[in-house]
Amino acid sequence: MNIAPNQQGTDLSPYLPDEHGLFFVYHFTTEGLRTKDLAQARWTWRSYQVTDLHARQEIGAERALPGPVRDAFLAPSHGCHIDFEDGWLYGDLPDLRHDFSEARGLVHFRFAFNDTMLIGARKQPLESVDAVRKTVENGSRKFRSPAELIEAVTGQSLDGMSAELGKLGDTLDGIEDRVVRDAWHNERQALVEARRQLVVIHRQMATLTNLFRHLDHSHRDELPDPINDMAARLSQRAHTLYHDGEQLQARTRLLQDELMAKLTMQSNQLLYVLSVMTAVLLPMTIISGLFGMNVGGLPLVDTPMGFWVVTAVSLVIAAATYLFVRRLGRGL
């Protein structure tokens, strides 16, 4: 059984799947333009909701898909991968959730394509897929093959991650300015969150770079030249973003080290103040303890000025102790 949803795609929504779990179907001519005339169509793009049971049944029944491609496409794996089998390039690549999603972050775009068919699937609305879909709708860009469209989707995803890195760089600039001005008291949480996002993006860029290298090394003789060229371009872009993320991560580590140094200095200052106060109050505590004993023979008990004498002695000893501790602190 072949996939047989609405071939025109005119009644489908790009955001709500139909009864087949299908978001849309686009047909493209040899020149790369969208067409509704199946006689002119050279290749087709179908997009599914991968968690929809009907969509999984439709994809599982597609005879054009080789067995390993079908199994990988329907597998529950959440990791990135890319491979080539019997003329089909397939895998999972990272993308950003769309702006209107409940939470921003990285998710995966699942795909499989050959010369005449591209099958895509997703769980959440994806920013890059939607951006490419809009260019198809308005005809602002031509896609002569599925490989060109996948490169466009991945390129959009890399552009989105580059923009995220730019925002994180601006965030680090602001944190650094406040740290330099010693207005850093509320920056620890912002720095931790920025570093968490950098780790996620940096890890995905490293994964993408390795995936395309693996594809080139494992299937160099099998891959068509357009796919080889696409993989090389995307690998280079991912590698560049990987180094950008690495530099930002180094900045976050330096800022965290500087914040820790300032926190240590602040803690030392507080400990010094507490030590001075303890040393100053210790003689007065001893004196008050001695004169507070309920025993006979205490001096100055019958002297009218006894309280003031003891107070003056305590203050003199406290002042001498304070001066000694201050002098000792300067010498360290």
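Details of the structure are given in the entry above.
Below is a summary of the structure that appears in this document.

**Focus: the pairing of strand S7 (residues 117-122)**
Part 1: Counting buried residues along S7, six of its six residues qualify, which places the element largely inside the surrounding structure.
Part 2: Side chains Met117, Ile119 and Ala121 of S7 all project onto a buried face; the interleaved residues Leu118, Gly120 and Arg122 project onto the opposite face, where all are buried too.
Part 3: Alignment of strand S3 (residues 43-49) against S7, held across six bridges, turns out to be parallel. Bridge pairing links Ser47 to Gly120 in S7.

**Considerations on the packing of helix H3 (residues 127-138) against helix H4 (residues 146-180)**
Between two packed helices, the angle of one axis relative to the other and the distance separating the axes together describe the packing.
Part 1: At a closest axis distance of 8 Å, the pairing of H3 and H4 adopts a crossing angle of 130°. Put simply, H3 runs oblique to H4. Considering the relative orientation of H3 and H4, their crossing is right-handed. On the side of H3, the interface is formed by Glu127, Ser128, Val129, Ala131, Val132 and Val136, while H4 contributes Leu149, Ala152, Val153, Gln156, Ser157 and Gly160.
Part 2: Of the residues belonging to the contact of H3 with H4, the class tally is seven nonpolar, four polar and one charged.

**Quick look at the packing of aromatic side chains**
Part 1: Per the stated rule, a full pass over the model turns up eight aromatic pairs.
Part 2: Considering the side-chain rings of Phe24 and Tyr26, the 4.6 Å spacing of their centres and the 20° angle between planes classify their relative orientation as stacked. Like Tyr26, Phe24 is buried.
Part 3: On the basis of an interplanar angle of 75° and a centroid distance of 5.0 Å, the ring pair of Phe307 and Trp308 is categorised as edge-to-face.
Part 4: For Trp308, a relative accessible area of 54% translates into the label exposed.
Part 5: A network of ring pairs unites the aromatic residues Phe24, Tyr26 and Trp45 as a single cluster.
Part 6: The ring of Phe23 carries Arg122 above its face, with NZ or CZ at 3.9 Å from the centroid.

Definitions and cut-offs
- Residues numbered from 1 in each chain as written.
- Predicted model: local features only at pLDDT ≥ 70, side-chain atom pairs only at ≥ 80, totals over all residues.
- Heavy atoms only, no water.
- Buried < 20%, exposed > 50% of the residue type's maximum accessible area, 1.4 Å probe, protein only.
- Helix = DSSP H or I, 4+ residues; strand = E, 2+ residues; numbered from the N terminus.
- Pairing = 2+ DSSP bridges.
- Axes fitted to C-alpha atoms, helices over the stretch in contact; angles between N-to-C directions.
- Parallel < 35°, antiparallel > 145°, perpendicular 65-115°, else oblique.
- Left-handed = near helix turned anticlockwise from the far one by under 90°.
- Contact = heavy atoms within 4.5 Å.
- Nonpolar A, V, L, I, M, F, W, Y, C, P; charged D, E, K, R; others polar.
- Phe/Tyr/Trp six-rings, centres within 6.5 Å; stacked < 30°, edge-to-face > 60°.
- Lys NZ or Arg CZ within 6 Å of the ring centre and 35° of its normal.

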